[in-house]
Amino acid sequence: MENTAVALSGVSAGYENQLVFADLTVAFSQNQITCILGRSGSGKSTLLQLINGMVRPINGSVLLFGKGLDYSRIAHQRLSIGYVVQNTGLFPHLTIQRNITLLGQIAGLPKPKLEQRLNQLMDMAQLPSAALTRYPHQLSGGEQQRVGICRALFLNPPVLLMDEPFASVDGTTKEAIFLYIKTFQASEPRTMIWVTHDWDEAENLCDQFILLEKGRISVQGQRDELPSLRVNNLQQS
């Protein structure tokens, strides 16, 4: 499909003797935010791990812009896939500057480009320059999450995976971060695939959604369909 960024075709996958997906087929549109909803154990995180090459399918294929993942070069391919996880995943022994620029250093970007991209992201995330010399534990939870987003976006990847990154952030901080996400998306549109258990979060941010149940797609649709689906989901719980 011409406007598809990521696609899984006939994918079966799991861990050891536990099958999570059986013949899963799904496509994610370019430059759209798709939220993946579902209960614990429905396969949400495994879906992201398949896209990032952390889990290899038993059968089927994972396509990135029409080309299958090359697992022999997966580290290189991951440079085009940003990944933000719960609790930020920042390196505690590195300064904020080094945390954010790490992927750029690995990719061999020259110092002027590193500094230019760093400053651009700090401005977009509204992080003070004084934070650059600090360490993660010296920042608030909301600031750490913004740093994690900056790091994931450093190489301007066309695909960004988000695995419940704000599950432990309070409501007020979360609302502020959502504004930064919208700023990033308006400035640098990309395909975001966002795992969440929070229906409010999905209604606030997504363009499209997928509801997973026990490794299969129960419902797939547009954001304006979420309120009625949410009511039905609560009634059936």
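Going by the structure above, here's the rest.
Below or above, wherever it landed, is the structure these notes cover. (Residues numbered from 1 in each chain as written. Predicted model: local features only at pLDDT ≥ 70, side-chain atom pairs only at ≥ 80, totals over all residues. Heavy atoms only, no water.)

Examining the overall build of the chain
Counting secondary structure elements, the chain contains eight helices and 10 strands. In terms of its C-alpha atoms, the chain occupies a principal-axis envelope of roughly 50 × 40 × 35 Å. When the 237 residues of the chain are sorted by exposure, 49% land in the buried category. The long-range share in the chain, meaning contacts at least 24 apart out of those at least 6 apart in sequence, stands at 69%. When the accessible surface of the chain is summed, it comes to about 11700 Å², and 48% of that surface belongs to carbon and sulfur atoms. Taking the average place of the 20 positive charges on the side chains of the chain and the average place of its 20 negative ones, the gap between the two points comes to 7 Å. (Helix = DSSP H or I, 4+ residues; strand = E, 2+ residues; numbered from the N terminus. Buried < 20%, exposed > 50% of the residue type's maximum accessible area, 1.4 Å probe, protein only. Contact = heavy atoms within 4.5 Å. Areas by Shrake-Rupley, 256 points an atom, 1.4 Å probe, with all protein chains shown as cover. Lys, Arg positive; Asp, Glu negative; His and termini not counted. Charge placed at Lys NZ, Arg CZ, Asp CG, Glu CD.)

Details of the packing of helix H3 (residues 96–106) against helix H5 (residues 141–152)
Following both chains from N to C, one finds H3 and H5 inclined at 30 degrees, their axes separated by 7 Å at the closest point. Relative to H5, the element H3 is oriented roughly parallel. When H3 is examined against H5, the residues Ile96, Asn99, Ile100 and Leu103 are found in contact with a partner set consisting of Val147, Cys150 and Arg151. When grouped by side-chain class, the residues that make up the contact of H3 with H5 number five nonpolar, one polar and one charged. (Axes fitted to C-alpha atoms, helices over the stretch in contact; angles between N-to-C directions. Parallel < 35°, antiparallel > 145°, perpendicular 65-115°, else oblique. Nonpolar A, V, L, I, M, F, W, Y, C, P; charged D, E, K, R; others polar.)

Describing the environment of Leu79
Structurally, the position occupied by Leu79 is in the loop between helix H2 (74–77) and strand E6 (81–85). Taking relative accessible area as the criterion, Leu79 reaches 28% and is therefore assigned partly exposed. Separated by 146 residues in the primary sequence, Leu79 and Glu225 place their C-alpha atoms 34 Å from one another. Discounting chain neighbours no more than four positions away, the residues touching Leu79 are Leu103, Leu155 and Pro157.

Some remarks on the packing of aromatic side chains
One pass over the structure, following the stated rule, counts one aromatic pair. Between the aromatic rings of Phe178 and Trp194, the centroid separation amounts to 6.5 Å while the plane-to-plane angle is 70 degrees, which identifies the pairing as edge-to-face. One end of the pair, Phe178, is in helix H6 (residues 171–187); the other, Trp194, is in strand E8 (residues 191–195), and 16 residues separate them in sequence. With respect to burial, Phe178 and Trp194 carry one shared label: buried. (Phe/Tyr/Trp six-rings, centres within 6.5 Å; stacked < 30°, edge-to-face > 60°.)

Some details on H6
For H6, which comprises 17 residues, the first-to-last C-alpha distance of 25 Å matches the rise-based estimate of 24 Å (1.5 Å per residue) to within 8%. The set of residues buried in H6 consists of Lys174, Ile177, Phe178, Tyr180, Ile181, Phe184 and Gln185. When H6 is viewed along its axis, its buried side chains cluster within an angular range of 165 degrees and face the same direction. Projecting away from the buried face of H6 at angles above 90 degrees are the exposed residues Thr172, Leu179 and Ala186. Contact partners of the buried residues in H6: strand E3 (33–38), helix H4 (111–124), H5, strand E7 (159–163), E8 and helix H7 (199–205). (Expected span 1.5 Å × (residues − 1). Arc of directions from axis to C-beta.)

Side note on the sheet that holds strand E1 (residues 4–15)
Strand order in the open sheet formed by four strands is E2-E1-E4-E5, with antiparallel pairing between adjacent strands. This sheet does not close on itself; its edge strands, each paired only once, are strand E2 (18–29) and strand E5 (67–68). For E1 and E2, the ladder comprises eight bridges, and the chain directions are antiparallel. Note on E2: the bridge partner recorded for Leu8 is Val26. Helix-sheet contacts for helix H1 (residues 44–51) involve E1, E2 and strand E4 (59–64), and the interaxial angle to E1 is about 115 degrees. (Pairing = 2+ DSSP bridges.)

Here we look at the pattern of salt bridges
Side chains that differ in sign of charge can pair as their charged atoms come close. Summed over the entire model, instances satisfying the criterion amount to five salt bridges. Glu201 serves as the salt-bridge partner of Lys174, at 3.7 Å between the closest nitrogen and oxygen. Residue Lys174 is found in helix H6, and its partner Glu201 is found in helix H7; the two are separated by 27 residues along the sequence. Each member of the pair Lys174 and Glu201 is classed as buried. Where Glu188 meets Arg190, a salt bridge forms, and the shortest distance between an N and an O atom there is 2.7 Å. (Salt bridge = Lys/Arg side-chain N within 4 Å of Asp/Glu carboxyl O.)

Re the layout of surface pockets
Its volume calculated, the largest pocket comes out at about 380 Å³. Breaking the lining of the largest pocket down by element, the ones donating at least two residues are E6, H3 and H5. The leading source of residues in the lining of the largest pocket is E6, at four residues. When grouped by side-chain class, the residues that make up the lining of the largest pocket number 12 nonpolar, three polar and two charged. (1 Å grid on protein atoms, 1.4 Å probe; cavity = no way out; pocket = protein on both sides within 12 Å on 5 of 7 lines; lining within 4 Å. Points joined across faces, edges and corners; volume = space filled by probe spheres on them.)

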